[in-house]
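# Structural characterization, general
Listed below, chain by chain, are the residues.
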Amino acid sequence: MHLYGTQSINENGHLTIGGVDATELAKEYGTPLFVYDLELIRRRARGFIETFHKLGVKAEVAYASKAFSCIAIYQLAHEENLSLDVVSGGELYTAIQSGFPAERIHFHGNNKSYAELILAFDSNIGCIVVDNFYEIQLLKEISETKKQSMRILLRVTPGVEAHTHDFITTGQADSKFGFDLNSGQADQAFNEVRDHEYLQLLGLHCHIGSQIFETDGFSLAAKKLMKKISEWKDQFKFECTVLNLGGGFGIRYTEEDKPLEPQDYVEEMIKTVQSHAVELNLSMPEIWIEPGRSLVGDAGTTLYTIGSHKTVPNIREYIAVDGGMSDNIRPALYDAKYEAVIANKVNEQKTTTYTVAGKLCESGDKLIIDAPLQQAESGDILAVFCTGAYGYSMASNYNRIPRPAVVFVESGQHQLAINRESYENIVQNDLPLSLKKGE
């Protein structure tokens, strides 16, 4: 069995995370329960940052917080000297409420609203990543009205397709994100902002996809962006100070996944940018990256309580848990694969293959198909690994199921980071019927 971060097995044969017995966490906080291993998150953050320092390259490592957002994780990111990537007014508001330094916040999104951009200006954030021509007009209007400067990057699609699921590939030409590099859109966007009084263009941004296991795509994207920067320097004397190569660094979900270490991605990016800077006679820009999943994905484990059991003779053994697609939509959305273990029986042999079903009223609510597990009984605690990214952040109240609690663990300590929703929370925004029948 593959263990992640600080996971281990104690003398009772139970899974532990951060030095805490998973079954005790389930008992104290209930299930479903997201458990985050803070030591592993810190280790990953330092792996990215220290590689840049070691190689003497100016950089910002921004946590792509769409993977998992809350006040406590933003405070942890601040402790580890990360910058922050937000993609909505809600994430930006949460970051400000957490006390995160606004000057280290970068704001993404393909349809930022006027109100969201006003919040960004009022909060004096560090950078807006501009995605389209509509946004350029909004930024011009807001900055001119407020007479306030804003640093920006232009997001471009370099025509590089990462080897990943179609839904999480974003660097190809046919994408809802960014200005196309090959059709002239990026040039048009550059011309619209380069001499603006208040919009300070730092450079370019791209993001080629998610769950990427090789460096070739990043190298090719960097080469294309550096070539475009060289063209703009020759034509307009533009000096690019920042090159943001995005994120998408893969993690291990199952034994088929072979991710690289953080430093491997970073070293290859630096090597590519440096070589092209020399070749094209460009100043070396700062390199910004945006790891999200690779910081928190395998640091998260979801604990469930096993309930019902169904046998379909000669076909399948089902066990059902007290969560499902309401707290992890990825198997239904992406056909994502996971591994699991019965947390209170880790040392026992895996004797049975089960399909782990959720409790939602959907036939497709299956968390794992054909999972080899220990003999399961009602009341056992199932631990599903690597649920730290896009689990809680994509959770819903489908079937009016409350969202789970989130707990952080480190060095034998544990704390609630997000309270479990109650039924009262579910109905708090509902209003009674007020229209009169027949009127």
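Heads up: these notes are all about the structure in this document. Just so we're clear, the structure is a prediction, and the values are computed from it rather than from any experiment.

Rules of the game
Residues numbered from 1 in each chain as written. Predicted model: local features only at pLDDT ≥ 70, side-chain atom pairs only at ≥ 80, totals over all residues. Heavy atoms only, no water. Salt bridge = Lys/Arg side-chain N within 4 Å of Asp/Glu carboxyl O. Helix = DSSP H or I, 4+ residues; strand = E, 2+ residues; numbered from the N terminus. Buried < 20%, exposed > 50% of the residue type's maximum accessible area, 1.4 Å probe, protein only. 1 Å grid on protein atoms, 1.4 Å probe; cavity = no way out; pocket = protein on both sides within 12 Å on 5 of 7 lines; lining within 4 Å. Points joined across faces, edges and corners; volume = space filled by probe spheres on them. Nonpolar A, V, L, I, M, F, W, Y, C, P; charged D, E, K, R; others polar. Core = buried A, V, L, I, M, F, W, Y, C linked by side-chain atoms within 4.5 Å. Contact = heavy atoms within 4.5 Å. Pairing = 2+ DSSP bridges. Phe/Tyr/Trp six-rings, centres within 6.5 Å; stacked < 30°, edge-to-face > 60°.

Glancing now at the pattern of salt bridges. Between side chains of opposite charge, a pair can form as their charged atoms come close. All told, the structure shown has 22 salt bridges when counted by the stated rule. Notably, a salt bridge pairs E231 with K228, separated by 2.8 Å at the nearest N-O pair. With E231 and K228 both in helix 8 (residues 216–236), this residue pair falls 3 residues apart, about one helical turn. A relative accessible area of 9% places K228 in the buried class. With a closest N to O distance of 3.1 Å, D370 and R316 form a salt bridge. Highlighted residues: D370 in strand 18 (residues 366–373) and R316 in strand 15 (residues 316–321), separated in sequence by 54 residues. Classification of D370 as partly exposed rests on a relative accessible area of 46%. Via salt bridges that share partners, R42, R46, E79, E80 and E410 belong to a single interconnected network.

Before going further, it helps to spend a moment on the layout of surface pockets. Taken as a whole, the second largest pocket spans an internal volume of roughly 400 Å³. As for the second largest pocket, its lining consists of 23 residues, of which K337, Y338, I368, I369 and D370 are closest to the centre. Elements supplying a minimum of two residues to the lining of the second largest pocket: helix 11 (330–334) and strand 18. The biggest single contributor to the lining of the second largest pocket is strand 18, with 7 residues. Residue composition of the lining of the second largest pocket, by class: 12 nonpolar, 3 polar and 8 charged.

Here helix 3 (residues 71–79) has its buried residues at A72, I73, Y74, L76 and A77. N81 sits one or two positions beyond helix 3 and adopts a positive phi of about 60 degrees.

Judged by nonpolar contacts, the single largest core of 85 residues is most densely connected at F68, I73, I128, L154 and V296. With near-sequence residues (within four places) excluded, I73 lies in contact with I41, Y63, F68, V296 and F408. In terms of nonpolar packing, the next biggest core, distinct from the first, is built from 41 residues, L33, I306, A336 and A376 among them.

For the rest of this paragraph, the subject is the pairing of strand 21 (residues 413–418). Of the strand pairs in this sheet, strand 20 (residues 405–410) and strand 21 are connected by 5 bridges, and their pairing is antiparallel. Its bridge partner being in strand 21, V406 is matched across the sheet by I418. Taking the residues between adjacent antiparallel strands as the criterion, strand 20 and strand 21 are bridged by 2 residues, where S411 takes a positive phi near 55 degrees.

Inspection of the entire model under this criterion finds 15 aromatic pairs. Measuring from centroid to centroid gives 6.2 Å for F68 and Y392, while their planes differ by 90 degrees, and the two rings are edge-to-face. With F68 in the loop between strand 5 (59–64) and helix 3 and Y392 in the loop between strand 19 (381–385) and strand 20, this pair connects stretches of sequence that are 324 residues apart. Judged by its relative accessible area of 13%, Y392 is buried. Ring centres of Y253 and Y338 lie 5.5 Å apart, and the angle between their planes is 85 degrees; on these two criteria the pair is classed as edge-to-face. Taken together, the residues span a long stretch of sequence, with Y253 in the loop between strand 12 (242–244) and helix 9 (262–279) and Y338 in the loop between helix 11 and strand 16 (340–342) at a distance of 85 residues. Accessibility expressed as a relative area gives 5% for Y338, which makes it buried. Feature note: the residues F34, Y36, F68, Y392 and F408 constitute an aromatic cluster, connected by ring pairs.

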